[in-house]
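In case you want the letters, here they are:
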Amino acid sequence: FLEKGEVEFKNVSFSYPESEVPVLQNLSFSVKSGETLAILGSTGSGKTSLFQLVPRLYDVSEGEVLVDGKNVRDYPIEALRKGIGVVPQEAVLFTGSISENISWGKEGAVQEEIVQAAKDAQIHETVLKLPNQYDTRVGQRGVNLSGGQKQRLSIARALVRKPKILMLDDSTSALDLKTEAKLLEALRKYACTTFIITQKISTAMEADHILLLDDGSIEAWGTHEELLETSPLYVKIVQS
Ligand code: DGT
Ligand code: MG
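Keep in mind the model is a prediction, meaning the values are calculated, not measured.

Asks: Please clarify how the sheet that holds strand S1 (residues 7-14) should be interpreted in this entry.
Replies: Backbone-to-backbone hydrogen bonds join strands into a sheet, with any given pair of strands oriented parallel or antiparallel. Ordered in space as S2-S1-S4-S5, the four strands form an open sheet in which the pairing is antiparallel. The open sheet terminates on both sides in strands that have one partner only, identified here as strand S2 (24-31) and strand S5 (70-71). Inspection of the sheet shows S1 paired to strand S4 (residues 62-67) by five bridges, in the antiparallel sense. Paired with lysine 10 across the two strands is glutamate 64, which belongs to S4.

Printed below as a string of structure tokens:
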């Protein structure tokens, strides 16, 4: 659905349709195919809002978002939604089996693909311990899953579609460091461009680029080492 998964923001500003308040101001950056971008910033700084502009959950107010050099407005919305795997901040499960929850949005997914996605999302072992494994019902009236388990199911749902661009909105917040490391390792073989909103410096350190948002503007951009040199705010976050 998408060719390479390159993403470029050009002078992007954004405010929500019903509001005048600018949430993002004049953002410019680009991420090459297969690279990982970690997005950091305090609550309300605009991280989730930035995410939403790529699959066009919202449209920019000014500027352009390009995917593979083409304005996202010029893609059929289906191509964007199928080529971009968005894992939302709050994992959403619906009433149905584990398999159905993972394959949601991907018609014709076979069990093998579902299990592989679950393994990569580090949820397979947990699923095997459930009463009916992949046929176990979750959601309302189903078994209860922890926040971290829901997050990983929701990551598996994105992976089964083999996205060219993967966007994780704080999706690893409930994972311990070891599980998160395994997950990030498993993501490598997907070779997708990855945006990862995170609070963890350990995750940011692994990324090709770090974007530090402050009140809707880019406070700093670079690698961990570069930001240690150039951004007092980043240093403060590292030390906290
Ligand atoms: P988080 O998730 O608490 O770490 O915060 P961020 O960085 O994801 O922030 P974000 O993008 O959700 O919010 C940025 C600003 O936009 C904040 O002032 C709240 C506002 N905002 C978020 N969602 C909406 C919305 O649906 N409508 C309006 N009018 N404003 C919104
Ligand atoms: Mg957010």
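Asks: What should I look at first to understand the packing of aromatic side chains in this one?
Replies: Aromatic rings considered in pairs are described by the distance between their centres and by the relative angle of their planes. Counted according to the given criterion, the structure contains eight aromatic pairs. Their ring planes at 20 degrees and their centres at 4.6 Å tell us that phenylalanine 9 and phenylalanine 29 sit as a pair that is stacked. On the criterion of sequence distance, the pair formed by phenylalanine 9 in strand S1 and phenylalanine 29 in strand S2 is long-range, its members being 20 residues apart. The class for phenylalanine 9 is buried, based on a relative accessible area of 1%. A residue is classified by how much of its surface remains accessible, and phenylalanine 29, at 6% relative accessible area, is buried. Ring centres of phenylalanine 14 and tyrosine 16 lie 4.8 Å apart, and the angle between their planes is 70 degrees; on these two criteria the pair is classed as edge-to-face. Accessibility expressed as a relative area gives 21% for tyrosine 16, which makes it partly exposed.

Definitions and limits used
Residues numbered from 1 in each chain as written. Chains lettered and ligands numbered in written order. Predicted model: local features only at pLDDT ≥ 70, side-chain atom pairs only at ≥ 80, totals over all residues. Heavy atoms only, no water. Pairing = 2+ DSSP bridges. Helix = DSSP H or I, 4+ residues; strand = E, 2+ residues; numbered from the N terminus. Phe/Tyr/Trp six-rings, centres within 6.5 Å; stacked < 30°, edge-to-face > 60°. Buried < 20%, exposed > 50% of the residue type's maximum accessible area, 1.4 Å probe, protein only.

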